[in-house]
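# Examination of the molecular architecture
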Amino acid sequence: GLSTVFFFLMIRRPPRSTLFPYTTLFRSDLFAGTYNGGVYWRSISEITDVETKQSNLPSLFKLEQNYPNPFNPSTKIQYRIPNSGYVTLKIYDVLGEEVAALVNKEQAPGTYEINFNASNLTSGIYFYQLKSGNNIQVKKMMLLK
């Protein structure tokens, strides 16, 4: 999960308190707090580097092979989209007729997984197509009952 960290600089020296009687803070102290609780401080002189974390967002448009394949009666389809946009994921039979629309909405960048239940379809070869913006990918899957 994502962890949000907030930083702020103390601008004046707080008075001693009964809560922290042995703590004296100075203008050069940097506080970092997390949403998990806890407050930590370090002198600004101790900070030597700032690390940039890599994003978990996908950089490429990608439709993965369904798993399991062949399947009966359900399978998982995973895909990645690098940009926000309108996304469709549709299932077609060998004649090119649409038999199911699994996704038909605006989606944020990310990795998604859809469970496709084909219990109402007959055994055979099916194709699934992912569209987003100018990107289109198609894969083949086999339903064996």
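Use the structure listed above.
Here is a short report on the structure shown in this document.

Criteria and cut-off values
- Residues numbered from 1 in each chain as written.
- Predicted model: local features only at pLDDT ≥ 70, side-chain atom pairs only at ≥ 80, totals over all residues.
- Heavy atoms only, no water.
- Salt bridge = Lys/Arg side-chain N within 4 Å of Asp/Glu carboxyl O.
- Helix = DSSP H or I, 4+ residues; strand = E, 2+ residues; numbered from the N terminus.
- Buried < 20%, exposed > 50% of the residue type's maximum accessible area, 1.4 Å probe, protein only.
- Pairing = 2+ DSSP bridges.
- Axes fitted to C-alpha atoms, helices over the stretch in contact; angles between N-to-C directions.
- Phe/Tyr/Trp six-rings, centres within 6.5 Å; stacked < 30°, edge-to-face > 60°.

Our next topic: the pattern of salt bridges. One pass over the structure, following the stated rule, counts two salt bridges. For E64, the salt bridge identified is with R80, shortest N-O distance 2.8 Å. Residue E64 is located in the loop between β4 (62-63) and β5 (74-81), and its partner R80 is located in strand β5; the two are separated by 16 residues in the primary sequence. Residue R80 is classed as partly exposed on the basis of its relative accessible area of 28%.

Attention now goes to the sheet that holds β4. What the three strands build is an open sheet, ordered β4-β5-β8; its pairing is antiparallel. At either end of the open sheet lies a strand with only one pairing partner, and these are β4 and β8 (110-117). Bridge analysis of β4 against β5 gives two bridges, and the strand direction is antiparallel. Paired with L63 across the bridge in β5 is Y79.

To summarise the sheet geometry, strands pair through backbone hydrogen bonds and adopt either a parallel or an antiparallel arrangement. Across the sheet, four strands lie side by side as β7-β6-β9-β10; this open sheet has antiparallel pairing. The strands lining the two open edges of the sheet, one partner per strand, are β7 (98-107) and β10 (135-143). Across the sheet, the mean angle separating the axes of adjacent strands is 15° when strand polarity is ignored. Across seven bridges, strand β6 (residues 85-93) lies against strand β9 (residues 124-132) in antiparallel orientation. Across the sheet, residue I91 finds its bridge partner in β9, namely Y128.

Counting across every chain of the model gives two aromatic pairs. Taking the centre distance of 5.4 Å and the plane angle of 20° together, the rings of Y79 and Y112 count as stacked. Linking Y79 in strand β5 with Y112 in strand β8, this pair joins segments that are 33 residues apart in sequence. Given a relative accessible area of 23%, Y112 falls into the partly exposed group.

Quick look at the pairing of β7 now. Pairing of β6 with β7 involves eight bridges; the strand directions are antiparallel. Bridged to G85 within β7 is Q107. If you look at the hairpin formed by β6 and β7, you'll find four residues sitting between the two strands, and G96 has a positive phi there, around 85°.

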